[in-house]
Amino acid sequence: MQKESEKIGWLEGIIEAVHDGILVIDQDGIVQLINEEYTNITGVRKEQIIGKPLIDVRPGAVLPSVLKTGKVKEGVFRKEKEMEYVVDMAPIYENYDIIGAVSVCKSIPEVYELSMELRKSKQRVSQLEKAVGRIHQARYTFSDLIGNTPLFKKMIHQAKKIAASNLSILITGESGTGKELFAQAIHQESTRNDQPFIPVNCAAIPGSLLESELFGYEEGAFTSSKREGKIGLFELANNGTLFLDEIGDMTLELQAKLLRVLQEGTFRKIGGLKEKQIDVRIIAATNKDLQSMVQKERFREDLFYRINTVQLRLPSLRERRGDIPEIIAYFLRNQKFQIEEDVIDILMQYDWPGNIRELKNTIHYAINMTDNGTITLEHLPETIKNSFILHKTKFKTPQSLEEIIKETERNVIMETLKETGISVKGKKAAARKLGISLASLYNKMAKLHINK
Ligand SMILES: Nc1ncnc2c1ncn2[C@@H]1O[C@H](COP(=O)(O)OP(=O)(O)OP(=O)(O)O)[C@@H](O)[C@H]1O
Ligand SMILES: [Mg+2]
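In this text, all values refer to a predicted model and were calculated from it rather than measured experimentally.

### Quick notes on the sheet that holds strand 3 (residues 73-80)
- Strand order in this open sheet of five strands is 2-1-5-4-3, and the pairing throughout is antiparallel. Of all the strands in the sheet, just strand 2 (31-34) and strand 3 have a single pairing partner and so form its edges. Within this sheet the neighbouring strands show an average axis-to-axis angle of 25 degrees, counted without direction.
- One ladder, built from three bridges, connects strand 1 (residues 21-26) with strand 2; its direction is antiparallel. Within strand 2, the residue paired with V24 across the bridge is L33.

### What about the packing of aromatic side chains?
- Overall, the coordinates contain nine aromatic pairs when judged by the stated rule.
- Between F304 and Y305, the aromatic rings sit 5.3 Å apart at their centres with planes inclined by 65 degrees, giving edge-to-face as the arrangement.
- The class for F304 is buried, based on a relative accessible area of 3%.
- Taking the centre distance of 5.6 Å and the plane angle of 55 degrees together, the rings of Y330 and F331 count as tilted.
- When the ring centre of F152 is taken as reference, the NZ or CZ atom of R320 above it lies at 3.8 Å.

### Quick look at the site of ligand 1
- S175, G176, K179, R357 and K360 are the nearest of the 20 residues found near ligand 1.
- For ligand 1, an oxygen atom lies 2.8 Å from a polar atom in the side chain of R357.
- Protein burial of ligand 1: of its 640 Å² of free accessible surface, 89% is covered by the chains.
- Mapped onto the shell around ligand 1, the elements with two or more residues apiece are helix 8 (179-189), helix 14 (324-332) and helix 16 (355-369).
- Partitioning the shell around ligand 1 into residue classes produces seven nonpolar, five polar and eight charged.
- Composition of the shell around ligand 1 by domain shows at least three residues from each of domain 2 (142-313) and domain 3 (317-382).

### Some points on the domain arrangement of the chain
- With domains assigned, the chain is organised as domain 1 (2-110), domain 2 (142-313), domain 3 (317-382) and domain 4 (401-447).
- Placing a centre on the C-alpha atoms of domain 3 and another on those of domain 4 gives a separation of 31 Å.

### A few points about helix 15 (residues 341-349)
- All of the buried residues in helix 15 are V343, I344, I346 and L347. When helix 15 is viewed along its axis, its buried side chains cluster within an angular range of 160 degrees and face the same direction.

So, how was this worked out
Residues numbered from 1 in each chain as written. Chains lettered and ligands numbered in written order. Predicted model: local features only at pLDDT ≥ 70, side-chain atom pairs only at ≥ 80, totals over all residues. Heavy atoms only, no water. Pairing = 2+ DSSP bridges. Helix = DSSP H or I, 4+ residues; strand = E, 2+ residues; numbered from the N terminus. Axes fitted to C-alpha atoms, helices over the stretch in contact; angles between N-to-C directions. Phe/Tyr/Trp six-rings, centres within 6.5 Å; stacked < 30°, edge-to-face > 60°. Buried < 20%, exposed > 50% of the residue type's maximum accessible area, 1.4 Å probe, protein only. Lys NZ or Arg CZ within 6 Å of the ring centre and 35° of its normal. Near = heavy atom within 4 Å. Polar contact = N/O pair within 3.5 Å; in protein donor to acceptor, adjacent residues only side chain to side chain. Areas by Shrake-Rupley, 256 points an atom, 1.4 Å probe, with all protein chains shown as cover. Nonpolar A, V, L, I, M, F, W, Y, C, P; charged D, E, K, R; others polar. Domains from an automatic or database assignment. Arc of directions from axis to C-beta.

Laid out in structure tokens, this is it:
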């Protein structure tokens, strides 16, 4: 018995020490206990309330209803003369029977302090979000995209038109054709331009890691992961644009998860339970042939149709050679360098497998090679010089009459083929024009190393 009363003494001590106001009623609604803080908050003293039905002393009390429903109530606002406070209430169970109920009150100044702290944290989060948004702002706009050929202008026109919509876009094109630039310009032209533009390179990040980059994870989702969890790129891109670069390199498993997000408009963090709503515009890019990947079952057909609502196929540089001089001038702007007309001619004939990126690197290389401020043939990289010499031989001085004849023959045949085309029909026409047989045209082409 001694022990029991000791225990009760302990409990009373604890209840007094708690910083919140506490009131306990038994199953009949009779007040059994209050602590000092309860008196401080409500102004009700022990002798006024202990042993009495709560409802008699405090007519508006909600706690008796908790006895009936057995349900917890949180954050109930109360006002007592000058005092404002917030109450949490819960039933007390013993062997599945409700034997009473407890209410815990916090005075408003304390709640206010806590809410101020919360507000400060929220402000900080929103500042950080804005900072992240700024870091991820797209830099390029359509005015940075150089080119005036009809083909390129058509491309810009088409891209501007779809920028205004919310449709997913698939940008295709060879390496270095400007896919990322177009993605940025589209974002900048859209209504989302004050929101983040988040690029993700699906080829650069291994599959499992890419999943956690995209979706993030909850605290303790993996044993090895950061304790505090991680925010995913989808969430960072919320209200903005997510640029999925090299989407052809995404694993089939992740493709399925991506499709789900795009269809539902919600996602779940790894290890998380709650679905979160998001509003993200997808721009995907690839230099692979997704259609043939679909046929080989290396890309999901349903995802392909989902992201391929609009396709923007960027032309290679050799399909718009007319833009080369302007692009060169653009890369030479703010520089005190000249470029010889002949060199521009050569650069217009080169095939540019690496497209604009290769042209940009070439110009920067040449700038570094010159010492008198004028770019000439000798300042071009070996690969371009070689390809030119191999194909045109214009800059090679012939050594003998035989060589001059060969050169001339080669040039004439090449020019004629350029006019007639290189199909069998074209070759027949060329042979006719040149007054030779088709067989001898083939012979000469082989001897003079004319390809195709
Ligand atoms: N129309 C353009 N005008 C000026 N510069 C351009 C244009 N298009 C691309 N560039 C430049 O070419 C380079 C390559 O562009 P970008 O990275 O957008 O190509 P990409 O298609 O994404 O290439 P990859 O497939 O290799 O990733 C960049 O340095 C960019 O500044
Ligand atoms: Mg790219």
